[in-house]
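A look at the structure
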Amino acid sequence: MNDEHTPADLEPIEFESPGRFTLHNPDSQLPMPATWEPAPFVLGSEQVLQRFSSPEQARSHTLALMQQASRTLCLYSPDLEPWLYNHSSMAQACTQFVLSHRNSGLRILVRDSSRAVRDGHRLIGLSRKLSSHIQIRRCHPDYAAPDGAFLLADDQGLLMRPEPDQVGGYANYRDAPRVRQLQRLFDQTWDTSITDPDLRSFLL
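So, a few notes on the structure that sits alongside this text. (Residues numbered from 1 in each chain as written. Predicted model: local features only at pLDDT ≥ 70, side-chain atom pairs only at ≥ 80, totals over all residues. Heavy atoms only, no water.)

A few words now on the sheet that holds strand 7 (residues 169-172). Pairing between sheet strands relies on hydrogen bonds along the backbone, with the strands arranged either parallel or antiparallel. Reading across from one edge, 1-7-6-5-2-3-4 is the order of the seven strands in this open sheet, with mixed pairing throughout. The open sheet is flanked by strand 1 (50-52) and strand 4 (134-138), the only strands paired with a single partner. Averaged over all adjacent pairs, the angle separating strand axes in this sheet is 10°, with direction ignored. Relative to strand 7, strand 6 (residues 157-161) runs antiparallel, the two being bridged by three bridges. The partner of Leu158 across the bridge, within strand 7, is Asn172. Along the sheet, helix 1 (residues 55-68) contacts strand 1, strand 2 (72-77), strand 5 (149-153), strand 6 and strand 7; its crossing angle with strand 6, the most-contacted strand, is approximately 150°. In the packing of helix 5 (residues 122-129) onto the sheet, contacts are made with strand 2, strand 3 (105-110) and strand 4, and the angle to strand 4 comes to roughly 125°. (Pairing = 2+ DSSP bridges. Helix = DSSP H or I, 4+ residues; strand = E, 2+ residues; numbered from the N terminus. Axes fitted to C-alpha atoms, helices over the stretch in contact; angles between N-to-C directions. Contact = heavy atoms within 4.5 Å.)

What follows is the structure, encoded as C-alpha cells:
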C-alpha cells in the first residue's frame, strides 16, 4: 500500500522557541571535595593556644591533630558535624591513623546520630570497613553528657569548641593536663554509652 504523500511532499512545520529556561540545582549539603590542608603545628611541641573562628581554621587544626596522632583519637560531637568531619580529607586521615599504628584506636561519641545516619557520613562508612579500629557509640540519654565538642589526639593535643552550634574554639598541641581531664570525662561518658540501633543497622 502506497501513501499519497511522501516525506518530500509534507509542508514544513514552523517552530517557535518558547525561550530559555534556567535550571536551579540546590546546593549540596556535603562539603566540597577539595583537599583540605592541615595547620602547620607539631603535636607535642607547640604549647601556645591556637584560637580559631572560621570553618577553614577549625578544619585545618582538626586535620593536623588527626594526621599526627599515633596512639589514640577520641572524638566527642553532638552529631558528627558534617561541615567538619564528613569530608574525604578527614576520612583519609582516620584511615591512615588506624592502619599505620598497630595498637591505635578511634573512638567516637555522639549525642544524636539521626542526622548522620539519615544523610550518610564518611566516618560511619569507615567504621564499617575498619570496625576493629573505629567504634561509634551514642551517649546514654539517662546520663549527663559533656558540654561542647572536642577532639583528643594522643595524650597531648586537643581541639575544643565550647559552643557546638558555633564554629569558634581553640586548639592546643601540647596540653597534657587538660587532655587528661577531658580524657577522663570522655571515658566516663563512654562507659555509660550505648550502641545505637540506627548505627548498627546502617553498618550492616
